Amino acid sequence: VAKVCSACHSTDGNSVTPANPVLAGQNAEYTAKQLANFKSGERKNPVMLGMASTLSPEDMKKLGEYFQQQKAKPRVAKDPELVKVGQQIYRGGVMSKGIAACTSCHGPNGAGIPAQYPRLAGQHAEYTESQLRAFRSGERANDSSRMMRAVAEKLSDAEIKAVADYIAGLR
């Protein structure tokens with residue numbers, strides 16, 4: 001962690017750069033799965049491919065456990081108007097578009113469900129936006145059930161921005 005991961009994610013997993021995800025408090029199984037997906041090329045990212053390529057499954061498991069034990073620093077949403085819309089989407093979905101509430105998989109406080117659904121609470125809004133757009137475009141396709149791609153395909157840019165801002169303030 002100190003020699004490699006900390007450069008982008010900080011030693012405690014609380015990345016200060018919005019382009020890099022917060023790993024502190026993330027479910028260990030989810031982190032290990034993402035590392036395996038980077039290594040296999042299932043999740044495309046040249047930087048992370050290089051980082052994950054030398055990791056064994058045991059290394060990935062240990063990194064996931066380490067970051068899960070770290071305490072995520074609280075973040076805040078930035079735009080009160082966006083937060084209102086984002087909260088509606090996160091808690092109630094968008095019925096007219098057939099979009100389920102985010103709470104269905106990520107929980108009311110954004111804690112997620114280990115291995116399957118990541119912890120979202122306090123994630124950088126910019127990172128969440130970029131990932132939702134990547135799911136929408138098909139650039140990111142490592143959701144085995146295709147759930148996130150199906151949801152993101154139905155979200156507008158404004159809805160993505162709103163839900164991402166709301167997620168940043170979740171605790």
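Our subject is the structure listed above.
First, a word on what this report is: a plain description of the structure on this page. (Residues numbered from 1 in each chain as written. Predicted model: local features only at pLDDT ≥ 70, side-chain atom pairs only at ≥ 80, totals over all residues. Heavy atoms only, no water.)

1. Here we look at a negative patch on the surface
Part 1 of the reasoning: Side chains of Glu29, Glu58, Asp59 and Glu65 sit close together on the surface and give a patch of like negative charge.
Part 2 of the reasoning: The element best represented in the negative patch is helix H4 (residues 57-69), accounting for 3 residues.
Part 3 of the reasoning: A relative accessible area of 32% means that aspartate 59 is categorised as partly exposed. (Patch = residues over 30% accessible without salt bridge, like charges linked within 9 Å, V, L, I, M, F, W, Y side chains within 5 Å. Areas by Shrake-Rupley, 256 points an atom, 1.4 Å probe, with all protein chains shown as cover. Salt bridge = Lys/Arg side-chain N within 4 Å of Asp/Glu carboxyl O. Lys, Arg positive; Asp, Glu negative; His and termini not counted. Charge placed at Lys NZ, Arg CZ, Asp CG, Glu CD. Helix = DSSP H or I, 4+ residues; strand = E, 2+ residues; numbered from the N terminus. Buried < 20%, exposed > 50% of the residue type's maximum accessible area, 1.4 Å probe, protein only.)

2. Let's talk about the packing of aromatic side chains
Part 1 of the reasoning: Under the criterion given, the structure shown has 2 aromatic pairs.
Part 2 of the reasoning: Considering the side-chain rings of tyrosine 66 and phenylalanine 67, the 5.2 Å spacing of their centres and the 75° angle between planes classify their relative orientation as edge-to-face.
Part 3 of the reasoning: In this structure tyrosine 66 comes out as partly exposed when scored by relative accessible area, which is 27%.
Part 4 of the reasoning: Consider the rings of tyrosine 90 and tyrosine 166, whose centres lie 5.5 Å apart with planes at 50°: the pair is tilted. (Phe/Tyr/Trp six-rings, centres within 6.5 Å; stacked < 30°, edge-to-face > 60°.)

3. Some remarks on the pattern of salt bridges
Part 1 of the reasoning: Under the defined criterion, the tally for this structure stands at 10 salt bridges.
Part 2 of the reasoning: Two residues, lysine 84 and glutamate 81, come together in a salt bridge whose shortest N-O distance is 3.5 Å. With lysine 84 and glutamate 81 both in helix H5 (residues 80-92) and 3 residues apart, the pair spans about one turn of that helix.
Part 3 of the reasoning: Its salt-bridge partner being lysine 161, residue glutamate 129 comes within 3.7 Å of it at the nearest N-O pair. With glutamate 129 in helix H7 (residues 125-137) and lysine 161 in helix H9 (residues 157-168), this pair connects stretches of sequence that are 32 residues apart.

4. Some points on H5
Part 1 of the reasoning: Taking 1.5 Å of rise per residue, the 13 residues of H5 would be expected to cover 18 Å, and the 18 Å separating its terminal C-alpha atoms lies within 8% of that figure.
Part 2 of the reasoning: Buried within H5 we find Leu82, Gly86, Ile89 and Tyr90. Viewed end-on, H5 has its buried residues packed into an arc of 95°, placing them on one side of the element. In H5, those exposed residues whose orientation departs by more than 90 degrees from the buried face are Pro80, Glu81 and Gln88. (Expected span 1.5 Å × (residues − 1). Arc of directions from axis to C-beta.)

5. Focus: unusual backbone geometry
Peptide bonds are, in most cases, trans, and in most cases residues other than glycine have a negative phi.
Part 1 of the reasoning: Here the phi dihedral of serine 10 falls at roughly 70°; this positive angle occurs in a residue that is not glycine.
Part 2 of the reasoning: What makes serine 10 buried here is its relative accessible area of 19%.
Part 3 of the reasoning: Although it is not a glycine, arginine 146 sits at a positive phi angle of roughly 65°.
Part 4 of the reasoning: For arginine 146, the location among the structural elements is in the loop between H7 and helix H8 (147-154).

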